[in-house]
Amino acid sequence: MTRAGIPRTVFAGAGAFLLTLAALLRFYVYESVLVLPLEQGRTYRMVAPAADYFDTGTLTSHTGVPLVSTTTLSGDAGAGTADTAVWVEFTSLTTATGDRIDYHERRTAFDRRTGMAVDCCESYVDEDPEARQSGLAFRLPFRAEPRSYPMYDTTLRLAVPLRYERQEQINGLRTYRYTYTAGPVKIEDFPEQFPGKVLGLPAWRAIGVSRYAQVTRTLWVEPESGLTVKVEERHRQGLRTPDGIERKESLRADLVMSEEDVDARVSDVRAFTRWVLVVRDLLPAVFLAAGLLLVLWGLRPRRPPRAPGQPGPAELAGPARSADVFMERVWPPKPADVFMERVWPPKAAGAGPERERG
């Protein structure tokens, strides 16, 4: 037992518990919570200061018009499981006055660890339940890597390779920049006949057209959390006649995420980073250090008990004995008169015993 009366095994046991807790926090608790949530409620906006578009309803062209793309995500927690989440996304492209230019809606199930789309749970794209979604559904996974990922594009309705480009700083935050460019891809057929003069054809001619789209999308992603902190999109769409020739540009817009939404995303990432610092790094390090100290203290060898009258370690240490033992043997010094009695006065020459015998 220690001087306080606590058995050393208690210290060793407490140290072992702290070592186990450190390992659990680092390798189990942290890993187990790295799953995408079932719940979701987020809205972000992208703005194109000067876009061009063709209104197929009124057959009129507009140039230099500000456009706003608003995307809202909501989670269907009841449809999710421990491994799969289901989110619904609404994206609306409108003018500053609220006139809708384009709209997309989808319901997507995906793996909560990889972020990859899963074909289940009544998924659909723009009310088409037959649309097959694949690749990353909405975002990159936790601990994103500097490599390419397949990502589903709602406008084009296909998975395209999202390529890693380089590291960049966004508001002081280290991010991975990814991008893809895909298209042109046919996304819509117009059953009605368009007047030829609208398409640059003879006025007397009416003809059906199809809409083709090309999308360039760039994401800035904080790798540890997988959160996207900034998005830029370039959309270009055109109307083609059955001969495959583009006759009219129907949309040109360069959209950039608003500064307010970028700041909000950066704040989310910093909150996640602080949580990681505590759970993955700080607490395990503290518990590891404390546990090692307690284990070493509890397992250090004991000194054998000393029998009565037996000299202690200081007395047996020779030159290393304690100061008090040393002083007991050499202090107080002999008086000077004792010394002088032995050596003074000096003996007279010839006064030794041999002379007396002579």
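Values in this document were obtained by computation on a predicted structure and should not be read as measured data.

Engineer: A description of the layout of surface pockets should follow, citing residues and the corresponding values.
Structural biologist: Considering only enclosed or pocket space, the largest pocket measures out at about 730 Å³ in volume. Tyr44, Thr71, Glu89, Phe138 and Arg217 are the residues nearest the centre of the largest pocket, which is lined by 41 residues in total. Of all elements in the fold, only strand E1 (41-55), strand E2 (60-75), strand E3 (84-95), strand E4 (100-111), strand E7 (149-153), strand E10 (206-221), strand E11 (228-240) and strand E12 (246-257) reach the threshold of two or more residues within the lining of the largest pocket. For the lining of the largest pocket, the class distribution of residues is 21 nonpolar, eleven polar and nine charged.

Engineer: Describe the side chain of Arg217, naming the residues involved and giving the relevant values.
Structural biologist: By secondary structure assignment, the location of Arg217 is in strand E10. Judged by its relative accessible area of 13%, Arg217 is buried. A polar atom in the side chain of Arg217 sits 3.1 Å from the side chain of Glu233. If we skip the residues at most four places from it in the chain, Arg217 touches Tyr44, Met151, Tyr178, Thr179, Tyr180, Val231, Glu232 and Glu233.

Engineer: Go over the nonpolar core with me, naming the residues and quoting the values.
Structural biologist: Of all hydrophobic cores here, the largest spans 36 residues; its most connected members are Leu67, Leu140, Leu162, Tyr178, Leu219 and Val229. Each residue touching Leu140, except ones within four places of it in the same chain, is listed here: Tyr149, Leu162, Tyr178, Leu219, Val221 and Gly226. Among the nonpolar cores identified, the runner-up in size contains twelve residues, and Ala85, Trp87, Phe110 and Val276 belong to it.

Engineer: So, the pairing of E1: which residues are in play, and what are the values?
Structural biologist: Relative to E2, E1 is paired through twelve bridges, and the arrangement is antiparallel. Bridge pairing links Val47 to Val68 in E2. Here E1 folds back onto E2, and the loop between the two strands holds four residues, one of which, Leu59, carries a positive phi near 60°. Of the strand pairs in this sheet, E1 and E12 are connected by four bridges, and their pairing is antiparallel. By the bridge assignment, Met46 is partnered in E12 with Met257.

Engineer: Tell me about a nonpolar patch on the surface, and name the residues and values.
Structural biologist: Residues Val278, Leu282, Leu283 and Val286 make up a contiguous nonpolar surface patch of about 290 Å² in total accessible area. By secondary structure assignment, the location of Leu282 is in helix H2 (residues 259-299).

Engineer: Report on the packing of aromatic side chains, specifying residues and quantitative values.
Structural biologist: Within the structure shown, the criterion is met by nine aromatic pairs. Ring geometry for Tyr164 and Tyr178: centres 5.7 Å apart, planes at 70°, overall edge-to-face. Here Tyr164 is found in strand E8 (residues 158-170), whereas its partner Tyr178 is found in strand E9 (residues 173-195), with 14 residues between them in sequence. With a relative accessible area of 25%, Tyr164 lands in the partly exposed category. Given the relative accessible area of 0%, Tyr178 is considered buried. With a centroid separation of 6.4 Å and 65° between ring planes, the pair formed by Tyr176 and Tyr178 is classed as edge-to-face.

Parameters at a glance
Residue numbers restart at each chain and count upward from 1, following the sequence in its written direction. With pLDDT at 70 or above as the cut-off, local features in this predicted model cover only qualifying residues; side-chain atom pairs require 80 or more to be listed or tallied, and sums for whole chains, interfaces and linings still use all residues. Side-chain descriptors were evaluated using all non-hydrogen atoms of the structure, hydrogens and water having been removed beforehand. Using protein atoms alone on a 1 Å grid, points that fit a 1.4 Å probe yet trap it form a cavity, whereas open point sets bounded by protein on both sides within 12 Å along at least five of seven lines form a pocket; residues with an atom within 4 Å of a point count as lining. Grid points are joined across faces, edges and corners, and a volume is the space filled by probe spheres set on the points. Each helix is a run of DSSP H or I of at least 4 residues and each strand a run of E of at least 2, with the numbering of both proceeding from the N terminus. Following the grouping adopted for this structure description, the nonpolar residues are Ala, Val, Leu, Ile, Met, Phe, Trp, Tyr, Cys and Pro, the charged ones are Asp, Glu, Lys and Arg, and the polar ones are all others, Gly among them. Exposure is judged per residue with a 1.4 Å probe applied to protein chains only, and the accessible area is read against the type maximum: over 50% gives exposed, under 20% gives buried, and values in between give partly exposed. Residues adjacent in sequence count toward polar contacts only when both atoms are side-chain atoms; beyond that, a polar contact is any pair of N or O atoms within 3.5 Å, and within protein one must be able to donate a hydrogen and the other to accept it. Whether two residues touch is decided by their heavy atoms; if any such pair falls within 4.5 Å, the residues are in contact. What is meant by a nonpolar core is a set of buried Ala, Val, Leu, Ile, Met, Phe, Trp, Tyr and Cys residues, joined one to another through side-chain atoms within 4.5 Å. Any two strands are treated as partners once DSSP identifies two or more bridges connecting them. Grouping into patches uses exposed residues only, defined as over 30% relative accessible area, and leaves out salt-bridged ones; the cut-off is 9 Å for like charges and 5 Å for nonpolar side chains (Val, Leu, Ile, Met, Phe, Trp, Tyr). Calculation of accessible area relied on Shrake-Rupley with a 1.4 Å probe; when residues are assessed, cover is drawn exclusively from the protein chains displayed. A carboxyl oxygen of Asp or Glu within 4 Å of a side-chain nitrogen of Lys or Arg is what we treat as a salt bridge. Pairing of aromatic side chains requires ring centres within 6.5 Å, counting the rings of Phe and Tyr and the six-membered ring of Trp. Pairs whose planes differ by under 30 degrees are stacked, by over 60 edge-to-face, and all others tilted.

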